[in-house]
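What follows is each chain in one-letter form.
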Amino acid sequence: MKKIMIGCAAAATALVISTSSMADDSKPFSGPYIGVEGGFGQLKDQSYKDGSRWSLGGIAGYRHQFDNDLVLGLEGGVEFTSDLKASSFGSVFDRDYKPTWSASALLGYAFGEDKRNLIFAKAGYSRLRYEVKLGEGVSGAALTFPEGTFGDFSKGALKLGAGYERKLTDMFSVRIGADYTKHKDMHKQLEAKVALIVNF
């Protein structure tokens, strides 16, 4: 596995170097990119509303800007997330979130002076995984629940998003946007996001 990861990293580095050397200044949204992305939102269920959540992670992708300034791309991401306050499970149950990954196709349009502004929409797939845990143990009239893991959940989702990106320099750009995911078994999430992107 380690050799495979090293090989993939070397191949990606070679691709970035070769692509960046051929970059077209008139098409600022062509080429590979990586970024750091943070978000804030809520995860909802059909029967209850969870507390606010934050996320922090990374994105990477490749896009191509055509002569008519349409932009097509593919983007992948991974994020780490946590609740800011107790959900409607109450103070008894806690969610222990695992890294969430996603893959999306992107369609955008570059506009403005030097075509350094981009509006975009994206659609793809995301997978949310978490464990439900009992915080400190609960005792009732008939049952006593010990502290520990209550269940392990993994949920696929349709992921939709839209946003705006501004090229600050040839290398750096900033992005704001929103993502909506409809997870399997009723879960829904709406999240506002901001990202700092490095273009190659």
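Presented here is a report on the structure given in the accompanying data block. Since the structure is predicted, the reported quantities are computational estimates derived from the model, not experimental observations. (Residues numbered from 1 in each chain as written. Predicted model: local features only at pLDDT ≥ 70, side-chain atom pairs only at ≥ 80, totals over all residues. Heavy atoms only, no water.)

## Re the pattern of salt bridges
Two side chains carrying opposite charge are able to pair once their charged atoms lie near each other.
At step 1: Within this structure, the stated rule accounts for 13 salt bridges.
At step 2: Put simply, lysine 27 and aspartate 67 hold a salt bridge, and the shortest N to O gap is 2.6 Å. In this pair, lysine 27 sits in the loop between helix H1 (2-20) and strand S1 (31-44) while aspartate 67 sits in the loop between strand S2 (49-65) and strand S3 (70-83), placing the two residues 40 residues apart along the sequence.
At step 3: Since its relative accessible area comes to 69%, aspartate 67 is described here as exposed.
At step 4: Salt bridges here are not isolated pairs; linked through shared partners, they connect Glu37, Arg63, Glu75, Glu79, Lys122, Lys159, Glu165, Arg175, Asp179, Glu191 and Lys193. (Salt bridge = Lys/Arg side-chain N within 4 Å of Asp/Glu carboxyl O. Helix = DSSP H or I, 4+ residues; strand = E, 2+ residues; numbered from the N terminus. Buried < 20%, exposed > 50% of the residue type's maximum accessible area, 1.4 Å probe, protein only.)

## Quick word on the environment of proline 28
At step 1: For proline 28, the location among the structural elements is in the loop between H1 and S1.
At step 2: Placed 172 residues apart in sequence, proline 28 and phenylalanine 200 show a C-alpha to C-alpha distance of 9.8 Å.
At step 3: With sequence-adjacent residues up to four places away left out, proline 28 is seen in contact with Gln65, Asp114, Lys115, Arg116 and Lys167. (Contact = heavy atoms within 4.5 Å.)

## Details of the packing of aromatic side chains
At step 1: The tally for this structure, following the rule as stated, stands at one aromatic pair.
At step 2: A ring pair is formed by tryptophan 101 and tyrosine 125, whose centres lie 5.7 Å apart and whose planes are at 50 degrees; its orientation type is tilted. One end of the pair, tryptophan 101, is in strand S5 (residues 100-111); the other, tyrosine 125, is in strand S6 (residues 117-134), and 24 residues separate them in sequence.
At step 3: Against the face of tyrosine 33 rests arginine 63, its NZ or CZ located 4.2 Å from the ring centre.
At step 4: Its guanidinium or amino end placed over the ring of phenylalanine 29, lysine 167 lies 5.6 Å from that ring's centre, counting from NZ or CZ. (Phe/Tyr/Trp six-rings, centres within 6.5 Å; stacked < 30°, edge-to-face > 60°. Lys NZ or Arg CZ within 6 Å of the ring centre and 35° of its normal.)

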